[in-house]
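Summary of the model geometry
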Amino acid sequence: ATWAVYSGWVHLAAGRLSAARDAADSLPPPRPTGATEADVHRMLILAEVAAHTDDRNLLQQTANDARDAHSIGSPGQRRASAYVLARAAWQRGDVHEAVRWLGDISLLGTPLFPHALVRLILGAQVASAAGDAGLRARVLQAAEILERERPAVPLLAAVAGYARGILEHDAQALVAVAELLSESSRPLLYASAAEDAGGELAHAQRNAEAIDQLNASFDTYIACEA
């Protein structure tokens, strides 16, 4: 079970969505008596796969499992299941519900699983969309933590810059971050950054540049079977 969980995380971080789902699906579904740590990791992986592949049935089932785990689980399990419920709310466009579920979640946490970087970016996106000052402050605090590493870790610095670019609606910063992430081993993070860069460029009526970013994002998502 532990190997399945970690292989699922590695596949997901590398943008291999089908392999990540296969790893998570090799684990049994949560028991009605309470979720285990492996169950919660399974939910987290499947929620990301479902969101990226627009599998609404899988996302709903995973959210149902997360809701059950949240009601009777340990503090750590409640935090993880709250993230799944926030992800599901964001995916269906319910921004304020996403803010509510993100309220008690550490945006980074220890150990620093690959998923923590995705969680921080979701926090930035939700804070920006909702105009929530409290969540915004927590995102900035987490970004500062990522930037403390000496020497700097390129991936962590890029994710911190990505979060700031979202909050500040800074098209040029997002373009620079997307370029940095294009050289990383995290293609879904890169595609997301390019997508957000394209959106901000379009708002600034820099349409040719926006199309370039959105095409690059699209191509990367397709390569990951998103």
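Structure first, text after, so check above.
Residues numbered from 1 in each chain as written. Predicted model: local features only at pLDDT ≥ 70, side-chain atom pairs only at ≥ 80, totals over all residues. Heavy atoms only, no water.

1. Observations regarding the environment of Gln-125
Selection criterion: The numbering of helices and of strands both runs from the N terminus, where a helix is a DSSP run of H or I of at least 4 residues and a strand a run of E of at least 2. Note on definitions: a residue-residue contact is assigned when non-hydrogen atoms from the two residues lie within 4.5 Å.
By the secondary structure assignment, Gln-125 is in helix H7 (residues 115–130). Along the backbone, Gln-125 and Glu-168 are 43 residues apart, and their C-alpha atoms lie at a distance of 11 Å. Discounting chain neighbours no more than four positions away, the residues touching Gln-125 are Trp-90, Tyr-162, Ile-166, Ser-192 and Asp-196.

2. A few points about helix H12 (residues 207–223)
Defined as follows: In this scheme, a helix's expected span is set at 1.5 Å multiplied by one less than its residue total. Burial classes follow relative accessibility: with a 1.4 Å probe on protein chains only, a residue under 20% of its type's maximum area counts as buried, one over 50% as exposed, and anything between as partly exposed. The reported arc concerns the directions from the helix axis to the C-beta atoms and nothing else.
Taking 1.5 Å of rise per residue, the 17 residues of H12 would be expected to cover 24 Å, and the 24 Å separating its terminal C-alpha atoms lies within 8% of that figure. Taken residue by residue, H12 has Ala-210, Gln-213, Ser-217, Thr-220 and Tyr-221 as its buried positions. Here the buried residues of H12 occupy an arc of 100° about the axis, which is enough to place them on one side. Among the exposed residues of H12, those pointing more than 90 degrees away from its buried face are Ala-208, Asp-212, Phe-218, Asp-219 and Ala-223. Those residues of H12 that are buried are in contact with helix H3 (37–53), helix H10 (171–182) and helix H11 (187–203). One or two steps after H12, the chain reaches Glu-225, where phi turns positive at roughly 65°.

3. A few points about the nonpolar core
For the record, the criterion: Here, nonpolar core means buried Ala, Val, Leu, Ile, Met, Phe, Trp, Tyr and Cys residues that are tied together by side-chain atoms lying within 4.5 Å of each other.
Core analysis: the biggest nonpolar cluster contains 76 residues, and Leu-120, Val-126, Leu-146, Tyr-162 and Leu-181 have the highest contact counts within it. Ignoring sequence-local partners within four residues, the contact set of Leu-120 consists of Leu-107, Leu-108, Val-139, Ala-142, Ala-143, Leu-146, Val-159 and Ala-163.

4. Things to note about the packing of helix H1 (residues 2–13) against H3
To be explicit about the condition: Helix axes use the C-alpha atoms of the stretch in contact, all axes being lines fitted to C-alpha atoms, and the angles between their N-to-C directions lie in the range 0 to 180 degrees. An angle below 35 degrees is read as roughly parallel, one above 145 as roughly antiparallel, one from 65 to 115 as roughly perpendicular, and any other as oblique. Left-handed is the label given to a crossing in which the near helix is rotated counterclockwise from the far helix by less than a right angle, and right-handed is the label when the rotation is clockwise.
The interhelical angle for the contact between H1 and H3, taken along N-to-C directions, is 20°, at an axis separation of 10 Å. Our classification of the angle between H1 and H3 gives roughly parallel. Relative to H3, the crossing made by H1 is left-handed. From H1, Val-5, Gly-8, Trp-9 and Leu-12 reach across to H3, where they touch Ala-38, His-41, Leu-44, Ile-45, Glu-48 and Val-49.

5. Notes on the environment of Val-175
Within the secondary structure layout, Val-175 lies in helix H10. Along the backbone, Val-175 and Asn-215 are 40 residues apart, and their C-alpha atoms lie at a distance of 13 Å.

6. Regarding unusual backbone geometry
Excluding glycine, a negative phi dihedral is what most residues carry, and trans is how most peptide bonds are arranged. A cis geometry characterises the amide bond from Arg-150 onward to Pro-151, with omega recorded as 0°. Position of Pro-151 among the secondary structure elements: in the loop between helix H8 (133–146) and helix H9 (154–168). One non-glycine residue, Glu-225, lies in positive phi territory at about 65°.

7. Some points on helix H5 (residues 75–91)
For H5, with 17 residues, the first-to-last C-alpha span of 24 Å sits near the 24 Å given by 1.5 Å per residue. Of the residues making up H5, those classed as buried are Gln-77, Ala-80, Ser-81, Ala-82, Tyr-83, Val-84, Leu-85, Ala-86, Arg-87, Ala-88 and Ala-89. Directly beyond the C-terminal end of H5, a positive phi value near 85° is found at Gly-93.

8. Comments concerning the packing of H1 against helix H2 (residues 17–25)
To keep things clear, this is the line we draw: Residue polarity is assigned by list, with Asp, Glu, Lys and Arg as charged and Ala, Val, Leu, Ile, Met, Phe, Trp, Tyr, Cys and Pro as nonpolar; anything else, Gly included, falls into the polar class.
Where H1 meets H2, the axes come as close as 8 Å, and the angle between the chain directions of the two elements is 165°. In terms of orientation, H1 and H2 fall into the roughly antiparallel class. The way H1 lies across H2 gives a crossing that is left-handed. Residues Ala-4, Ser-7, Gly-8, His-11 and Leu-12 of H1 pack against Leu-17, Ala-19, Ala-20 and Ala-23 of H2. Residues belonging to the contact of H1 with H2 are distributed by class as follows: six nonpolar, three polar and no charged.

Spatial relationships are all this shows, so hold off on functional conclusions.
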